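Residues per chain, in single letters:
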Amino acid sequence: MNFPGSSGGIRPLGSMGAQAGMDAQQLQEQQMINTMQMVMESCPGKTAMAGVMGFALGGAFGLFMSSMRYDTPMGSNLPGTIGTISDLPIRQQLKIGLRDMGKQSFSSAKNFGLIGAIFSGTECCIEGLRGKNDLWNGVAGGCLTGGALGMKAGPQAAALGCGGFAAFSAAIDWYMRMPEDEKRMPVI
């Protein structure tokens, strides 16, 4: 079981292919590049990157979607009022609307970050256990992610989540692994 990026820590400078003519600064730069590459290729590094990028993408997506919603926050949050939001002054309307957009954006960001981290972590671990980089790693990672997310709602939801995430992951992986010339051809 060799997980990606777990090849045994930082290698000594002599094993990095350093040439005899390199000065100390160049050796340090080479060591830093190798260390960063090892972190980026490790399972914890991939999981963290997917979680952070999912959080950022989810926040942007949630902000956009909450700004396009038809249902506006009503005045139920206001103490002692039963009216609609259009009865309030514009400053108060903006305050309520922006607060609602922020809550929805943060909620989407958390969900996207969680999904990205779980999927990336499970796919990387499965790849390390199997020792192969193929379509089935993503399918198994998608199944585990969907099942874990649907687990709270019961076994039927977990099974549907597993199947849905696995199918989506298989479709995306299949398309990404296509030869470049076939991607350009229209599907029609």
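Everything discussed here concerns the structure shown above.
Computed from a predicted model, the values in this text were never measured in an experiment.

A.B. asks: Help me understand the state of the cysteines in this model?
C.D. replies: By definition, a disulfide is the covalent link that joins the sulfur atoms of two cysteine residues. Using the criterion set out here, one finds two disulfides in the structure. Here cysteine 143 connects covalently by a disulfide to cysteine 162, the sulfurs 1.7 Å from one another. Residues cysteine 143 and cysteine 162 share a disulfide whose torsion about the S-S bond is about -70°; that sign makes it left-handed. Linking cysteine 143 in helix H4 (residues 135–150) with cysteine 162 in helix H5 (residues 155–176), this pair joins segments that are 19 residues apart in sequence. Judged by its relative accessible area of 18%, cysteine 162 falls in the buried class. Going through the protein in sequence order and numbering each bonded cysteine, the pairs you get are 1-2, 3-4.

A.B. asks: Looking at this structure, I do not really get the pattern of salt bridges. What am I missing?
C.D. replies: Think of it this way: side chains of opposite charge can pair up when their charged atoms draw near. Counted according to the given criterion, the structure contains one salt bridge. Its salt-bridge partner being arginine 130, residue aspartate 134 comes within 2.7 Å of it at the nearest N-O pair. Residue arginine 130 is classed as partly exposed on the basis of its relative accessible area, which comes to 35%.

A.B. asks: How should a nonpolar patch on the surface be read in this particular structure?
C.D. replies: A contiguous nonpolar surface patch, about 600 Å² in accessible area, is contributed by Leu57, Phe61, Phe64, Met65, Met68 and Phe112. For the nonpolar patch, the element with the highest residue contribution is helix H2 (residues 43–67), accounting for four residues.

A.B. asks: Would you mind going over the packing of H2 against helix H3 (residues 90–130) with me for this structure?
C.D. replies: When two helices pack together, their arrangement is captured by the angle between the axes and the distance separating the axes. Where H2 contacts H3, the two axes come as close as 6 Å, and the packing angle between them is 150°. Overall, the two elements H2 and H3 adopt an arrangement that is roughly antiparallel. As for the relative orientation of H2 and H3, their crossing is right-handed in sense. Taken together, the residues of the contact of H2 with H3 sort by class into 13 nonpolar, 15 polar and two charged.

A.B. asks: What is the right way to read the environment of serine 120 from this model?
C.D. replies: Tracing the backbone through its elements, the reader meets serine 120 in helix H3. Judged by its relative accessible area of 13%, serine 120 is buried. Along the chain, serine 120 and threonine 47 lie 73 residues apart, while their C-alpha atoms are 5.3 Å from each other. When residues no more than four places from it in sequence are discounted, the contact partners of serine 120 are Lys46, Thr47 and Ala50. Polar side-chain contacts of serine 120 include one of 3.3 Å to the backbone oxygen of lysine 46.

How each quantity is defined
Residues numbered from 1 in each chain as written. Predicted model: local features only at pLDDT ≥ 70, side-chain atom pairs only at ≥ 80, totals over all residues. Heavy atoms only, no water. Disulfide = S-S within 2.5 Å. Helix = DSSP H or I, 4+ residues; strand = E, 2+ residues; numbered from the N terminus. Buried < 20%, exposed > 50% of the residue type's maximum accessible area, 1.4 Å probe, protein only. Salt bridge = Lys/Arg side-chain N within 4 Å of Asp/Glu carboxyl O. Patch = residues over 30% accessible without salt bridge, like charges linked within 9 Å, V, L, I, M, F, W, Y side chains within 5 Å. Areas by Shrake-Rupley, 256 points an atom, 1.4 Å probe, with all protein chains shown as cover. Axes fitted to C-alpha atoms, helices over the stretch in contact; angles between N-to-C directions. Parallel < 35°, antiparallel > 145°, perpendicular 65-115°, else oblique. Left-handed = near helix turned anticlockwise from the far one by under 90°. Nonpolar A, V, L, I, M, F, W, Y, C, P; charged D, E, K, R; others polar. Contact = heavy atoms within 4.5 Å. Polar contact = N/O pair within 3.5 Å; in protein donor to acceptor, adjacent residues only side chain to side chain.

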